[in-house]
Amino acid sequence: MAIASHLASVGATRDVLSRHGLATKHSLGQNFLVNDAVIANICKLSEVCEEDNVLEVGPGIGTLTVALLPRAKHVLSIERDPDLPAVLDETCDDFDNFTLIGKDALRLNDDDLIAAFGKQAVEAGEAPNKFISNLPYAVAATLVLDYFQRIPSLQSATVMVQSEVADRMQAVVGTKDYAAYSVKLQLIAKATGRFQVSPGNFFPPPRVTSSVIRLDRRSDLGLSAEEIANASMAADAAFFTRRKTISNSMKGYFSSRGEQGKAIAAKLPEILAEVGIDAKRRGETLELSEFVELGRVLAKAKAEE
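These numbers come from a predicted model, not from an experiment. (Residues numbered from 1 in each chain as written. Predicted model: local features only at pLDDT ≥ 70, side-chain atom pairs only at ≥ 80, totals over all residues. Heavy atoms only, no water.)

### Remarks on the sheet that holds strand β6 (residues 156-162)
Defined as follows: Between any two strands, at least two bridges found by DSSP are needed for them to pair. Secondary structure is summarised from DSSP: a helix means a run of H or I of at least four residues, a strand means a run of E of at least two, and numbering begins at the N terminus for each. Fitting a line to C-alpha atoms yields each axis, with helices limited to the stretch in contact; the angle taken between N-to-C directions then spans 0 to 180 degrees. Contact definition: two residues touch when any of their heavy atoms are within 4.5 Å.
A sheet is described by the order of its strands in space; here seven strands give the open sequence β4-β3-β2-β5-β6-β9-β7, paired in mixed fashion. The open sheet has two edge strands with one neighbour each: β4 (98-101) and β7 (189-197). For this sheet the average axis-to-axis angle between neighbouring strands, irrespective of direction, equals 20°. Taken together, the eight bridges between β7 and strand β9 (residues 210-217) define a ladder with antiparallel strand orientation. The residue bridging glutamine 196 from the neighbouring strand is serine 211, located in β9. Along the sheet, helix α2 (residues 36-46) makes contact with β5 (130-134), β6, β7 and β9, crossing β7 at roughly 165°.

### Description of the packing of aromatic side chains
The criterion, for reference: Side-chain rings of Phe, Tyr and Trp, where Trp is taken by its six-membered ring, are said to pair if the distance between their centres is within 6.5 Å; with planes under 30 degrees apart they count as stacked, over 60 as edge-to-face, and otherwise as tilted. Each residue's exposure class comes from its accessible area (1.4 Å probe, protein chains only) as a fraction of the maximum for that residue type: buried when under 20%, exposed when over 50%, partly exposed otherwise. Criterion for a charge above a ring: Arg CZ or Lys NZ at most 6 Å from the ring centre, at most 35 degrees from the ring normal.
Taken as a whole, this structure holds five aromatic pairs when the rule is applied. Ring centres of phenylalanine 131 and tyrosine 147 lie 5.1 Å apart, and the angle between their planes is 55°; this geometry places the pair in the tilted category. Taken together, the residues phenylalanine 131 in strand β5 and tyrosine 147 in helix α7 (residues 140-150) connect sequence positions 16 residues apart. The exposure class of phenylalanine 131 is buried, given its relative accessible area of 0%. On the basis of relative accessibility, which here comes to 0%, the residue tyrosine 147 falls in the buried class. The interplanar angle of 85° and the centroid separation of 4.9 Å between the aromatic rings of tyrosine 253 and phenylalanine 254 together place this pair among those described as edge-to-face. For the pair tyrosine 253 and phenylalanine 254, one class covers both residues: buried. Members of the aromatic cluster, connected to one another through ring pairs, are Tyr178, Phe239 and Phe291. The aromatic ring of tyrosine 181 is capped on one face by arginine 168, whose charged end is 5.2 Å from the ring centroid.

### Observations concerning helix α4 (residues 84-91)
Test applied: Here the arc refers to the directions that run from the helix axis out to each C-beta atom.
Those residues of α4 not exposed but buried are Leu84, Val87, Leu88 and Thr91. Seen from one end, α4 has its buried residues packed into an arc of 95°, which puts them on one side. In this structure, the buried residues of α4 make contact with α1 (10-19), α3 (65-68) and β4.

### Quick word on the pattern of salt bridges
Where charged atoms from two side chains of opposite charge come close, those side chains can pair. Keep this limit in mind: Just to be clear on terms, a salt bridge is a Lys or Arg side-chain nitrogen sitting within 4 Å of an Asp or Glu carboxyl oxygen.
For the coordinates displayed, the defined rule picks out 16 salt bridges. Glutamate 123 is the partner of lysine 119 in a salt bridge, and the nearest nitrogen-oxygen pair spans 4.0 Å. On the criterion of helical spacing, the pair formed by lysine 119 and glutamate 123 is a turn pair, its members being four residues apart in helix α6 (residues 119-123). Lysine 176 is paired through a salt bridge with aspartate 177; the nearest N and O atoms lie 3.5 Å apart. For lysine 176, a relative accessible area of 69% corresponds to the exposed category. What emerges from the salt-bridge pattern is a single network uniting Glu47, Arg214 and Asp216.

### A few points about the environment of proline 199
Along the chain, proline 199 turns up in the loop between β7 and β8 (202-203). Sequence separation between proline 199 and serine 210 is 11 residues; the distance between their C-alpha atoms is 7.2 Å. Beyond its immediate sequence surroundings of up to four residues, proline 199 is in contact with Pro205, Pro206, Val208 and Thr209.

As structure tokens, then:
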């Protein structure tokens, strides 16, 4: 089997860091992949190909990046560690389809995408179309949802996250992992593949078990951006106080949001009755379709205030 990444070993990782006088930074969540089979499986699960414009966050020394570059049309990597651009200049030097931006990934904007992929491709909704990363765990959940919401061209995300985060991403109604985050993400994307990665596959080994999960943007629900936003608001309200009934949780949520929110809180019995949701139910019992309908009625109530 061909090697996916020549950097995917403890020895190669140590050598690169040593040449640049660096060490791993726990504060930035740096755990470098050192198993080439895992890199190969990420590439396989993502189905990265020569037509793909890939977005990567947290490339580190380029372990996954050098596996993506020969397979993709272009790779844009976002790295916040100011010490690593010099390393990536070395490890990715053989490729002319690589763009590196040094910044916080949560501050990625359209100008960054245009600089990497070109204005025409970005405005046409063609780039980036795949998000493939070994993500820093502290921001993984936030980034995945944020990018699906803000980057309409993104068709899939194949990302390494903490297993508990992957559980929330694909949680089903009625389970302990089903939460507002699960609802908001699943309104946009659904899990289509996953595999587990043990701590021994990293240098240094993290104290948690990891999973690579693939999420594909969904079109089967037929929801508009406004409907998704309204349903997401409903999810935030329903899970505002998880252990309380949906009526009490939503009352607490809206009562803390100014005069308009207080007015909506007063109408909650009528709103829930219109949707046909028992006020004594809890947020984790509601299906996606119920959140969509609840969001529709809540948005109508807000517009009337």
